[in-house]
Amino acid sequence: MAKGLGASDQMLGRVVRVTDAAAPAGPSRRQLIAGGGVLAAAAVALGAGPARPQDIGIADHTRHLGTSVDEYPYGVPSPHEAQVIRRSVPWLTATRESSINFTPLHELEGIVTPSGVCFERHHAGAPDIGPAEHRLMIHGLVERPLVLTMAELRRFPPVTRFYFLECAANSGMEWRGAQLNGVQFTHGMIHCVQYAGVPLRTLLEECGVKPAGKWLLAEGADAAAMTRSLPIEKALDDCLVAYTMNGERLRREQGYPLRLVVPGWEGNVWVKWLRRLEIGDQPWYQREETSKYTDLMPDGRARQFSWLMEPKSVIVNPSPQAPLTARGANVLRGFAWTGNGLVKRVDVSLDGGINWTPARLEGPLLPKCLTQFYHDFVWNGEPMLLQSRVIDETGYVQPTYQQLIDIRGVNSVYHNHAIQTWLVNEAGGAENVRVS
Ligand SMILES: Nc1nc2c(c(=O)[nH]1)N[C@H]1C(S)=C(S)[C@@H](COP(=O)(O)O)O[C@H]1N2
Ligand SMILES: [Mo]
């Protein structure tokens, strides 16, 4: 049934009925926490005895002055949070020729990914481009070709928008079986930030796209000169030419000074260090990545132009990098997203997909964004098989591995959006497993 899951039948015979355990109507949260023996010490402070000021003592940091306001002109995270970092997988390349690292999803909360831990994917390293010399050229099948400086771009009316970006290869290692023990590595090729920039439509209207102009080529100024083709309908819909991310200018690794934002579509088309947009009457198959970004189907044919990032969700806590530490009351945390627009519902299962219960969606709920979900549960110390599945506003239900593989086979690298399973053992540790 699953890798590392010997006593599976036995476990499924003792399934925790989620709907029974989920809503503790009787005992208070304080009692539930006190009931979890591991937290006995906390229970004292929480309820068992009188809480007196001397119980917490006077620490060193209360006796001495702290740091001054000019020590960190640009702030850094608390030194106690040094584990919240991007990580790479040793056997995946981390060279300048082609590199990838992963967002620590299990450490994050809310829909905004802090800029410093947004995963990076570079085909030829991240160039350092001065804004004064950078230009954006728009040409091809247009009435009035344009070459814009950054200062000129900033004079167009901007918009601000939150969007997720997911690499099409996210979870790509997992098609044939559970591989990587960590949600950072199985699902961490995603981030969600707030952009400011100019709608691509505004710039295209400024240039006047000719009627024959049906495709747009976007080109980066990195050593890969990465290029992708987009249909003009998407370019005129919700794409942005963005210069800001989470309130400050783009980070170098995210495309400073300019990147294309293509909401809901695979990360590869979000060209960074954007320097050129060409309008044409057909896609530029030969010159670009499109040929690589296809999905080989079981019948030998390949899906092309599979840009949409389909509905997907994952539990980030507990997960292999974030074990459970106490019995009793616990909160399950996760993220859901869909390139179609809004997340409508997320269900969670603690028994490998036998029983499902809706999770609590925590706002803001924005289209083409990460959506945070929570589920309060009581852990009695028995093993669990944790799963989540998202249903989006179009009614699309996130598929199981079996459902996905039945249609797409296992030859694809891209667009794995199947339901993830974590096996939680008696000690609270979690492991990446596959259930049939
Ligand atoms: N110019 C350029 N743009 C690029 C890339 C690149 O290597 N060069 N990588 C693409 C890929 S494959 C992905 S998944 C996203 C990653 O964006 P990020 O580094 O902000 O996470 O950028 C895309 N845009
Ligand atoms: Mo990517």
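Structural notes, computed from the coordinates. Predicted model, so just to flag it, every value in this text is computed and none were measured.

1. Thoughts on helix H8 (residues 200–207)
Owing to its 3.6 residues per turn, the α-helix aligns residues three or four sequence positions apart on the same side.
Point 1. Within the sequence span of H8, burial applies to Leu200, Leu203, Leu204 and Cys207. One face of H8 carries all of its buried residues, which in axial projection span an arc of 100 degrees.
Point 2. Where H8 ends, the next residue or the one after it, Gly208, has phi of about 75 degrees, a positive value.

2. Here we look at the nonpolar core
Point 1. Judged by nonpolar contacts, the single largest core of 59 residues is most densely connected at Leu136, Leu153, Leu200, Leu203, Leu216, Val241 and Leu274.
Point 2. Ranked by residue count, the leading element in this core is strand E9 (residues 240–245), at 5 residues.
Point 3. Leaving out residues up to four positions away in the same chain, Leu274 has contacts with His134, Arg135, Leu136, Ala218, Glu219, Gly220, Val241, Leu258, Arg259 and Leu260.
Point 4. Val183, Trp337, Val348 and Phe377 belong to the second-largest nonpolar core, a separate cluster that totals 34 residues.

3. Considerations on the sheet that holds strand E4 (residues 146–149)
Point 1. Across the sheet, which stays open at both edges, the 5 strands sit in the order E4-E3-E12-E7-E8 with mixed pairing between neighbours. Edge positions in the open sheet fall to E4 and strand E8 (227–231), since each of these has one partner strand only. Between one strand axis and the next, the sheet turns by 15 degrees as a mean value, whatever way the strands run.
Point 2. Both strand E7 (residues 215–220) and strand E12 (residues 274–280) contribute to a ladder of 6 bridges, which runs antiparallel. Looking at E12, one finds that Leu217 is bridged to Glu278.
Point 3. In the packing of H8 onto the sheet, the strands contacted are strand E3 (135–140), E4, E7 and E12, and the crossing angle to E3 comes to about 55 degrees.

4. Observations regarding the pattern of salt bridges
Point 1. For the coordinates displayed, the defined rule picks out 18 salt bridges.
Point 2. Here Arg276 makes a salt bridge to Glu219, at a shortest N to O gap of 3.1 Å. One end of the pair, Arg276, is in strand E12; the other, Glu219, is in strand E7, and 57 residues separate them in sequence. There is no split in this pair, since Arg276 and Glu219 are both buried.
Point 3. The residue Glu362 makes a salt bridge to Arg360 at a minimum N-O spacing of 3.4 Å.
Point 4. Under the relative-accessibility criterion, Arg360 is labelled partly exposed at 43%.
Point 5. One salt-bridge network, held together by shared partners, links Glu219, Arg275, Arg276 and Glu278.

5. Let's talk about the pairing of E8
Point 1. In terms of residue burial, E8 counts as a mostly covered element, since 5 of its 5 residues are buried.
Point 2. Every second residue of E8 is oriented toward a common face, with Thr227, Ser229 and Pro231 on one face and Arg228 and Leu230 on the other, all of them buried.
Point 3. Examined bridge by bridge, E7 and E8 share 5 bridges and lie antiparallel to one another. Within the sheet, the bridge partner assigned to Trp215 lies in E8 and is Pro231.
Point 4. From the end of E7 to the start of E8, which pair antiparallel, there are 6 residues, and Ala225 there has a positive phi angle of about 40 degrees.

6. A few points about the site of ligand 1
Point 1. Around ligand 1, 21 residues are found, and the nearest of them are Phe119, His123, Asp222, Arg259 and Lys272.
Point 2. In this structure, Gln254 approaches ligand 1 through a side-chain N or O atom, which is 3.0 Å from an oxygen atom.
Point 3. A distance of 2.5 Å separates an oxygen atom of ligand 1 from a polar side-chain atom of Lys272.
Point 4. Expressed as a share of its isolated accessible area of 530 Å², the protein-covered part of ligand 1 is 100%.
Point 5. Its residues assigned to classes, the shell around ligand 1 shows 8 nonpolar, 7 polar and 6 charged.

7. A few points about the pairing of strand E22 (residues 421–424)
Point 1. Burial along E22 is two-sided: Thr421 and Leu423 facing one way and Trp422 and Val424 facing the other are all buried.
Point 2. Pairing geometry for strand E21 (residues 384–392) and E22, over 4 bridges, is antiparallel. Bridge assignment links Met384 to a residue of E22, and that residue is Val424.
Point 3. As defined by bridge partners, E22 adjoins strand E23 (residues 430–433) across 4 bridges and the pair is classed as antiparallel.

8. Comments concerning the environment of Asn380
Point 1. Its location among the elements puts Asn380 in the loop between strand E20 (371–379) and E21.
Point 2. Sequence separation between Asn380 and Glu426 is 46 residues, and the spatial gap between their C-alpha atoms is 9.2 Å.

Quick notes on the rules
Residues numbered from 1 in each chain as written. Chains lettered and ligands numbered in written order. Predicted model: local features only at pLDDT ≥ 70, side-chain atom pairs only at ≥ 80, totals over all residues. Heavy atoms only, no water. Buried < 20%, exposed > 50% of the residue type's maximum accessible area, 1.4 Å probe, protein only. Helix = DSSP H or I, 4+ residues; strand = E, 2+ residues; numbered from the N terminus. Arc of directions from axis to C-beta. Core = buried A, V, L, I, M, F, W, Y, C linked by side-chain atoms within 4.5 Å. Contact = heavy atoms within 4.5 Å. Pairing = 2+ DSSP bridges. Axes fitted to C-alpha atoms, helices over the stretch in contact; angles between N-to-C directions. Salt bridge = Lys/Arg side-chain N within 4 Å of Asp/Glu carboxyl O. Near = heavy atom within 4 Å. Polar contact = N/O pair within 3.5 Å; in protein donor to acceptor, adjacent residues only side chain to side chain. Areas by Shrake-Rupley, 256 points an atom, 1.4 Å probe, with all protein chains shown as cover. Nonpolar A, V, L, I, M, F, W, Y, C, P; charged D, E, K, R; others polar.

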